[in-house]
Amino acid sequence: MNEMEQRNIDNISMTQMISLVTAALTDFYARDHMLFRDKDESLSVSERAMAARIGIYLEMHRSIIGSFDDLSIDLEYNRNFNAPKSIYSLFNRQRRNVIPDLLIHKRNSNDDNLLVIEFKKGTPPYSERQNDEEKLRYFTDSHNEYRFRFGMYIELHHWGAYVDIYRNGHKVDGFVYR
């Protein structure tokens, strides 16, 4: 396989991304269901602990999207070259620093940003969800510096997850994982 065939993340389909995330969620709920304490999600471990486990399963299943060995899967990666990651907020009309929950990307480059995920444990307050949606719209907008090909908002519950999919700065699809 030549470098051009290997490097073209534009050839990765939404179906492949859904398959990758679904495989990771399947392992997470099969192997780590004890991270949810019964049905009382407030007694469960932190969102970060859950995101870390899902990151491990994404790594295990990364072959679903093909041969992209130079892409990294990072949790709470807050750098954009030598500066903090930031977005322009439409709510307060200024830039603010942000820390995405999970990324599949090439470090120190904005050319191969594949997937950004924001997680929530349980049903968050509206303002928290709105904040995550703003980040996903910005990160996936092809006119901004990051240009992530896909974004996902994943709301984790003891019974499964709600997943919203973002492309080109807009929510384009979603599904319920059970």
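Scroll up a little and you will see the structure.
Being a predicted model, the structure only gives us computed values, none of them experimental. Residues take numbers from 1 onward in each chain, read along the sequence in its written order. Local features in this predicted model are restricted to residues whose pLDDT is 70 or higher, and side-chain atom pairs enter the listing and the counts only when it is 80 or higher, whereas totals over whole chains, interfaces and linings include all residues. Working from all heavy atoms in the structure, the side-chain values ignore hydrogens and water.

Paired rings are identified among Phe, Tyr and Trp, the last through its six-membered ring, by centres lying within 6.5 Å, and are further divided according to the angle between planes into stacked (under 30 degrees), edge-to-face (over 60) and tilted (the rest). Under the counting rule described, the total for this entry stands at 8 aromatic pairs. Between phenylalanine 28 and tyrosine 29, the ring centres sit 5.0 Å apart and the planes meet at 80°, which makes this aromatic pair edge-to-face. Judged by relative accessible area, phenylalanine 28 falls into the buried class, the value being 0%. Relative accessibility thresholds used throughout: buried, under 20% of the residue-type maximum; exposed, over 50%; partly exposed, between the two (1.4 Å probe, protein chains only). Taking the relative accessible area as the measure of exposure, tyrosine 29 reaches 13% and is therefore buried.

On to the pattern of salt bridges. Salt bridges are identified by distance alone: a Lys or Arg side-chain nitrogen within 4 Å of an Asp or Glu carboxyl oxygen. Applying the stated criterion across every chain yields a total of 16 salt bridges. A salt bridge links aspartate 164 to arginine 129, with the nearest nitrogen and oxygen atoms 2.3 Å apart. Of this pair, aspartate 164 sits in strand 9 (residues 160-167) while arginine 129 is found in helix 4 (residues 126-140), placing the two residues 35 residues apart along the sequence. One connected set of salt bridges, linked through shared partners, spans Glu47, Glu118, Lys120, Asp132 and Lys135. Secondary structure elements are defined from DSSP: runs of H or I of at least 4 residues count as helices, runs of E of at least 2 residues count as strands, and each element is numbered from the N terminus.

Time to look at helix 4. Helix span is expected to be 1.5 Å times the residue number reduced by one. With 15 residues, helix 4 extends 21 Å from end C-alpha to end C-alpha; this agrees with the ideal 21 Å at 1.5 Å per step. Turning to helix 4, its buried residues are Asp132, Glu133, Glu134, Lys135, Leu136, Tyr138, Phe139 and Thr140. Note on definitions: a residue-residue contact is assigned when non-hydrogen atoms from the two residues lie within 4.5 Å. Each element contacted by the buried residues of helix 4 is listed here: strand 4 (86-89), strand 5 (94-97), strand 7 (115-121), strand 8 (150-157), strand 9 and strand 10 (170-177).

Once that is clear, we can look at the environment of asparagine 168. Mapped onto the elements of the fold, asparagine 168 is located in the loop between strand 9 and strand 10. Of the residues examined, asparagine 168 reaches a relative accessible area of 47% and is grouped as partly exposed. C-alpha of asparagine 168 to C-alpha of threonine 123: the two residues are 45 residues apart in sequence and 25 Å apart in space. Those residues in contact with asparagine 168 that sit more than four places away from it in its chain are Thr140, Asp141 and Ser142.

Most of strand 9 is tucked away, with 7 of its 8 residues classed as buried. Here strand 8 runs beside strand 9; their pairing, made up of 7 bridges, is antiparallel. Across the sheet, isoleucine 154 pairs through a bridge with valine 163, a residue of strand 9. Here strand 8 folds back onto strand 9 in antiparallel fashion, the turn holding 2 residues. In this structure, the hairpin formed by strand 9 and strand 10 is closed by a connection of 2 residues, where asparagine 168 is found at a positive phi of approximately 50°. In this analysis, strands are considered paired if DSSP registers two or more bridges between them.

In a regular helix each residue adds 1.5 Å, so 18 residues correspond to 26 Å; helix 2 (residues 14-31) covers 26 Å between its end C-alpha atoms and thus fits that length. Buried residues of helix 2: Met17, Leu20, Val21, Ala23, Ala24, Leu25, Asp27, Phe28 and Tyr29, and no others. Lining the buried residues of helix 2 we find helix 3 (47-60), strand 6 (102-105), strand 7, strand 8, strand 9 and strand 10.

What is shown is where atoms sit, not what they do.
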